[in-house]
Amino acid sequence: SEVDKLFALFKLELDKLTAFMDTEVVGTSATFDALRKRGVKICVGSGFPEHVVQGIVKNMGWAVDAAFSSEALGAGRPDPVMVTAAMERCGVTDPRRVVKVGDTVVDVEEGRNAGVFTVSVLTGTQSRETLAAAGPDCIIPSVADLPLVFQWPQSST
């Protein structure tokens, strides 16, 4: 069908755009490192195809506990499957010990559907007003500000 042809073209262009992507939102790696030193588990989830997600994580050099794609798990946001998979992988059973960070309304909806804390960041394409209307638990300028938001553990020891 025409839709299948267009989607195939989209995936080819997406591959071209992301194959060598190595520029992160400023402070992402430092945030991941700071939180991991405190014993916080870090997982990445994306609606991109599985090979794109894994490629981005590799290109960025991110040390994460897991990376998930909606493609591999069989459902996309706002279904909470990526959050619940992350919880299972990390051995977390209490959703109130989980923070879902994202830059879209559907990220907030995913977190709400999983029963976890939701943090919106303003580094994406959606405005503060649009994100605020979705009702996240908080809004911060960037993922770099995440270590300042919660009472994180002081160390993993």
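Bear in mind the structure is a predicted one, so any value in this text is a computation, not a measurement.

1. Remarks on the pairing of strand β3 (residues 99-102)
- Of the two faces of β3, the one holding K100 and G102 is buried and the one holding V99 and V101 is not buried anywhere.
- Across four bridges, the pairing between β3 and strand β4 (residues 117-121) is parallel. Directly across from K100, in β4, lies its bridge partner T118.
- Handedness of the crossover is the feature at issue here: the chain leaves β3, passes through helix α6 (residues 105-114), returns alongside β4, and the resulting connection is right-handed.

2. So, a nonpolar patch on the surface
- There is a patch of nonpolar side chains on the surface, built from L6, L9 and L12 and spanning about 310 Å² of accessible area.
- The residue L12 is located in helix α1 (residues 2-18) in this model.
- L12 gets classed as exposed once you look at its relative accessible area, which sits at 52%.

3. Remarks on the sheet that holds β3
- In spatial order, the strands read β3-β4-β5; together these three strands make up an open sheet with parallel pairing. A strand with exactly one partner marks an edge of an open sheet, and here the two such strands are β3 and β5 (138-140). Across the sheet, the axes of successive neighbouring strands diverge by a mean angle of 25°, strand direction being ignored.

Thresholds, definitions, all that
Residues numbered from 1 in each chain as written. Predicted model: local features only at pLDDT ≥ 70, side-chain atom pairs only at ≥ 80, totals over all residues. Heavy atoms only, no water. Buried < 20%, exposed > 50% of the residue type's maximum accessible area, 1.4 Å probe, protein only. Helix = DSSP H or I, 4+ residues; strand = E, 2+ residues; numbered from the N terminus. Pairing = 2+ DSSP bridges. Right-handed = clockwise from strand over helix to strand, strands pointing away. Patch = residues over 30% accessible without salt bridge, like charges linked within 9 Å, V, L, I, M, F, W, Y side chains within 5 Å. Areas by Shrake-Rupley, 256 points an atom, 1.4 Å probe, with all protein chains shown as cover. Salt bridge = Lys/Arg side-chain N within 4 Å of Asp/Glu carboxyl O. Axes fitted to C-alpha atoms, helices over the stretch in contact; angles between N-to-C directions.

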